[in-house]
Protein chains: 2
Amino acid sequence: MVQERPPRREPLTRTTVLHAAVAMADEAGTGVPSMRNLADRLGVKAMALYHHFRNKDVLLDHMIDLVFSEVELPPEGVDWQVAMRRRAVSMRGALIRHPWAIGLMDSRTNPGHATLRHHDAVIGRLRSEGFSIAGAAHAFSVLDSYIYGFTLQELSLPFESPAGLEGVAGSILEELPGDEFPHLAEMIVERGGRPGYAYTEEFDVGLDLILDGLRRQRESWP
Amino acid sequence: MVQERPPRREPLTRTTVLHAAVAMADEAGTGVPSMRNLADRLGVKAMALYHHFRNKDVLLDHMIDLVFSEVELPPEGVDWQVAMRRRAVSMRGALIRHPWAIGLMDSRTNPGHATLRHHDAVIGRLRSEGFSIAGAAHAFSVLDSYIYGFTLQELSLPFESPAGLEGVAGSILEELPGDEFPHLAEMIVERGGRPGYAYTEEFDVGLDLILDGLRRQRESWP
DNA sequence: ACCTGAACACCGTTCAAGT
DNA sequence: ACCTGAACACCGTTCAAGT
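This structure is a prediction, so every number in the text was calculated from the model and none was measured.

Colleague: Can you walk me through the pattern of salt bridges in this structure?
Modeller: Between side chains of opposite charge, a pair can form as their charged atoms come close. Going through the model one piece at a time under the given rule, you end up with 24 salt bridges over all chains. Here Arg108(B) and Asp57(B) are joined by a salt bridge, their closest N and O atoms 3.4 Å apart. Highlighted residues: Arg108(B) in the loop between helix H5 (80-97) and helix H6 (113-128) and Asp57(B) in helix H4 (residues 56-69), separated in sequence by 51 residues. On the basis of relative accessible area, Arg108(B) is assigned to the buried category, the value being 10%. A cluster of three or more residues bridged by salt bridges with shared partners is formed by Asp57(A), Asp61(A) and Arg108(A).

Next up, the structure:
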């Protein structure tokens, strides 16, 4: 009795695998899928994936690069501070849409093409606006540090960020020896229960402070 | 024939387990040990650990709290900007000494005692220097975002931070289509090969910019 | 009170083999 | 060219049992 062949899928491609991996990670909200679960979703055995990516680490490299490919480059035809703000807001958006990405950042070692183009565009725009090489390096460093750090805290909701105190206001206040941490308690009470977009407000405050500082210092860097 | 008893260790305590976990994580440089490897190191089977920590997640919570316990609180008797700088430098130091910690930040949900005391002290100091509640929240948010983000980039050496370009100057320049990313190439050439303490310099530049911005804005926040 | 053996349901990855 | 079976060396965690 001849066994009928299972319906033959389209053969996998790098791109199919990559997009499925990103989609699964986004859905899970936190953490990247296992090779075995990813394979299941693609109707294939885990080992098939190794035909397209040498190992999981290079898959992760490509996932990160895909996140960077979604970030808006500094737009032309507007003031440089506006351009930098737009880039920063877009970057935060991408990191929030793909909450698994920021945790991977500190273990990636091979920047992809979209990542390089992104960096090149930001540096290029700063240089064309009168920032020296050192100045552009400083500006890039402080902006990206702020964006990554803010998002890192935003994603670890319950606390960690004053803007996020609402989330745990209740539960923390209960356990908190109110008189041991009076300033924390006060801040939770005063700023608790604010609407969710408080994060965006808070992000803008710091971003404006930094952009203003960069404007002041721009000429001072050799 | 009576089997001789194996030499009986001191019984484990929460503290022994916790310190061994941190030590192993520090040595590994990256990533936290598995429960099984941690148990081996303590001369015990993995399941014994669950007698002291309900699961790995609460062990991780305590490890993070231990990192915070090493961070200097804003010192008394100095200008507030100096105090904030000392706290920031100390925080970066702790995160660099325990490079596994920053990657855990975005998945922790239960701040420990040392963490709460740290936050309370920072907020308290800002309040006593004339920052309003909103102002203290803004200051805390922008400072911690910067510290975390800078360290995150510093720990993902090869690139990601302009200050870290040296690390890969060579290898990247080779593969890089030099004319596709001219500004990146220029920055790598000009700033490549700088000594390792360049990170500390870079950290200070951004920190000063932010502290100066906070001084200017202090009165403006309701 | 403190620890363990055995088991369960997972991982990433290799290698030789199948179509 | 593309995929798989079987295997290896791992994970975290449970449960009932041992001393």
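Colleague: Explanation requested: the nonpolar core in the structure shown.
Modeller: It is characteristic of soluble globular proteins that their nonpolar side chains tend to be buried jointly. Ranked by size, the top nonpolar core spans 132 residues in total, and within it Ile210(A), Leu214(A), Ile210(B) and Leu214(B) carry the most contacts. Setting aside chain neighbours within four positions, we find Leu214(A) in contact with Trp80(A), Phe131(A), Ala139(A), Val142(A), Leu143(A), Trp221(A) and Leu209(B).

Colleague: Is there a simple way to explain the packing of aromatic side chains in this structure?
Modeller: To describe a pair of aromatic rings, one takes the distance between the centres and the angle between the planes. Residue and element names in this part refer to chain A. Throughout the structure, instances matching the rule amount to ten aromatic pairs over all chains. Note on phenylalanine 150 and tyrosine 199: the rings are 6.3 Å apart at their centroids and 90° apart in plane angle, and the pair reads as edge-to-face. Here phenylalanine 150 is found in helix H8 (residues 133-155), whereas its partner tyrosine 199 is found in helix H11 (residues 198-217), with 49 residues between them in sequence. Here a set of aromatic residues connected by ring pairs shows up, and it is made of Tyr146, Phe150, Tyr199 and Phe203. A cation sits over an aromatic face here: arginine 92 above phenylalanine 203, 5.2 Å from the ring centre.

Colleague: Help me understand H11(A), please; the structure alone is not making it clear to me.
Modeller: The terminal C-alpha atoms of H11(A), which comprises 20 residues, lie 29 Å apart, in line with the 28 Å expected from a rise of 1.5 Å per residue. Within H11(A), burial applies to Ala198(A), Tyr199(A), Glu202(A), Phe203(A), Gly206(A), Leu207(A), Leu209(A), Ile210(A), Leu211(A), Gly213(A) and Leu214(A). Residues of H11(A) that are buried make contact with helix H5 (80-97), H8 and helix H10 (182-191) of chain A together with helix H7 (133-155) and helix H10 (198-217) of chain B.

Colleague: Just checking my understanding: could you explain the side chain of Thr151(B) for this structure?
Modeller: Residues and elements named next belong to chain B. Secondary-structure assignment places threonine 151 in helix H7. Separated by 2.7 Å, the side chain of threonine 151 and the backbone oxygen of isoleucine 147 make a polar contact. Contact partners of threonine 151, with chain neighbours within four places excluded, come to Arg92, Leu95, Ile96 and Ile102.

Colleague: It is not clear to me how the UniProt feature "domain: HTH tetR-type" (unreviewed entry) in chain A should be interpreted in this structure. Could you clarify?
Modeller: Under the UniProt annotation, "domain: HTH tetR-type" (unreviewed entry) lies at residues 11-71 of chain A. End C-alpha atoms of residues 11-71 of chain A are separated by 30 Å, and the span's content is 66% helix alongside 0% strand.

Cut-offs applied
Residues numbered from 1 in each chain as written. Chains lettered and ligands numbered in written order. Predicted model: local features only at pLDDT ≥ 70, side-chain atom pairs only at ≥ 80, totals over all residues. Heavy atoms only, no water. Salt bridge = Lys/Arg side-chain N within 4 Å of Asp/Glu carboxyl O. Helix = DSSP H or I, 4+ residues; strand = E, 2+ residues; numbered from the N terminus. Buried < 20%, exposed > 50% of the residue type's maximum accessible area, 1.4 Å probe, protein only. Core = buried A, V, L, I, M, F, W, Y, C linked by side-chain atoms within 4.5 Å. Contact = heavy atoms within 4.5 Å. Phe/Tyr/Trp six-rings, centres within 6.5 Å; stacked < 30°, edge-to-face > 60°. Lys NZ or Arg CZ within 6 Å of the ring centre and 35° of its normal. Expected span 1.5 Å × (residues − 1). Polar contact = N/O pair within 3.5 Å; in protein donor to acceptor, adjacent residues only side chain to side chain. UniProt positions renumbered as here; feature names shortened; annotations may be inferred.

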